[in-house]
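# Structural characterization, general
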Amino acid sequence: MSVHRNARCRGPFGGEGDRADGTDCSDPAVFEIARYGLPPLAVCPVHLGPALLMASGVLWPPEIRLIGRVGGLAG
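Just so we're clear, the structure is a prediction, and the values are computed from it rather than from any experiment. The written sequence of each chain sets the order in which its residues are numbered from 1. Side-chain atom pairs in this predicted model are given and counted only at pLDDT of 80 or more, local residue features only at pLDDT of at least 70, and totals for whole chains, interfaces and linings cover all residues. Side-chain calculation: all heavy atoms of the structure are included, whereas hydrogens and water are not.

### Overview of the environment of Leu 59
Put simply, DSSP H or I for four residues or longer makes a helix, DSSP E for two residues or longer makes a strand, and each gets a number counted from the N terminus. Here Leu 59 is to be found in the loop between helix 1 (45-54) and strand 3 (64-66). Once the C-alpha coordinates of Leu 59 and Gly 37 are considered, the two residues, 22 residues apart in sequence, prove to be 10.0 Å apart. Among residues more than four places away in sequence, those in contact with Leu 59 are Ala 34, Arg 35 and Tyr 36. The contact rule is simple, with two residues in contact once any of their heavy atoms fall within 4.5 Å.

Next up, the structure:
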């Protein structure tokens, strides 16, 4: 998981290049969603659900990887 520790949330739409705007989220990414023909989409817990529904190229059934940890949780 240490490779992605500095990843920032790109949800909920996951635009690339000039279309990368669309979110003001600067939270750290906790999940990575696999997409068809596009790089994986890194998202925070808040944008996981919306990204599954709205981001382009999301596989179905979705493939989601844990790439970080949510701070403040015990255990």
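Now that the structure is up, let's keep going.
### A closer look at the sheet that holds strand 1 (residues 31-35)
Taken together, three strands build an open sheet; the order of strands is 2-1-3 and the sheet is antiparallel. Strands at the two margins of the open sheet, each flanked by one partner only, are strand 2 (38-43) and strand 3. Taken over all neighbouring pairs, the strand axes of this sheet differ in orientation by 25 degrees on average, direction set aside. Between any two strands, pairing holds if DSSP finds at least two bridges. A fitted line through C-alpha atoms represents every axis, and for helices the fit uses only the stretch in contact; the resulting angles, taken between N-to-C directions, go from 0 to 180 degrees.

### Observations concerning the pattern of salt bridges
Opposite charge on two side chains permits pairing when their charged atoms draw close. A carboxyl oxygen of Asp or Glu within 4 Å of a side-chain nitrogen of Lys or Arg is what we treat as a salt bridge. Evaluation of the coordinates by the stated rule reveals one salt bridge. One salt bridge in this structure joins Arg 65 and Glu 32, with 2.8 Å as the shortest N-O distance. Highlighted residues: Arg 65 in strand 3 and Glu 32 in strand 1, separated in sequence by 33 residues. Each residue is assigned to one of three classes by its accessible area relative to the maximum for its type, calculated with a 1.4 Å probe on protein chains only: buried under 20%, partly exposed between the two thresholds, exposed over 50%. Residue class for Glu 32 comes out buried when judged on its relative accessible area of 11%.

### What about the environment of Pro 62?
With respect to the helices and strands, Pro 62 occurs in the loop between helix 1 and strand 3. Using a relative accessible area of 29% as the deciding quantity, one classes Pro 62 as partly exposed.

### Concerning the pairing of strand 1
A regular strand places its side chains so that they alternate between the two faces of the sheet. Of all five residues making up strand 1, five are buried, and the element is well covered by its neighbours. Burial along strand 1 is two-sided: the face carrying Phe 31, Ile 33 and Arg 35 and the face carrying Glu 32 and Ala 34 are both buried. Both strand 1 and strand 2 contribute to a ladder of four bridges, which runs antiparallel. Bridge pairing links Ile 33 to Leu 41 in strand 2. Sheet topology places strand 1 next to strand 3; three bridges connect them, and they run antiparallel. Looking across to strand 3, one finds that Ile 33 is bridged to Ile 64.

### As for the nonpolar core
Take the buried residues of types Ala, Val, Leu, Ile, Met, Phe, Trp, Tyr and Cys, join any two whose side-chain atoms come within 4.5 Å, and each joined set is a nonpolar core. Cys 9, Cys 25, Val 30, Phe 31, Ile 33, Leu 41, Val 43, Cys 44, Leu 48, Ala 51, Ala 55 and Val 58 together form the largest nonpolar core, which totals 12 residues. Elements represented by at least two residues in this core include exactly strand 1, strand 2 and helix 1. Contacts of Cys 9, omitting those with residues within four sequence positions, involve Cys 25, Asp 27, Pro 28, Ala 29, Ala 42, Val 43, Cys 44 and His 47.

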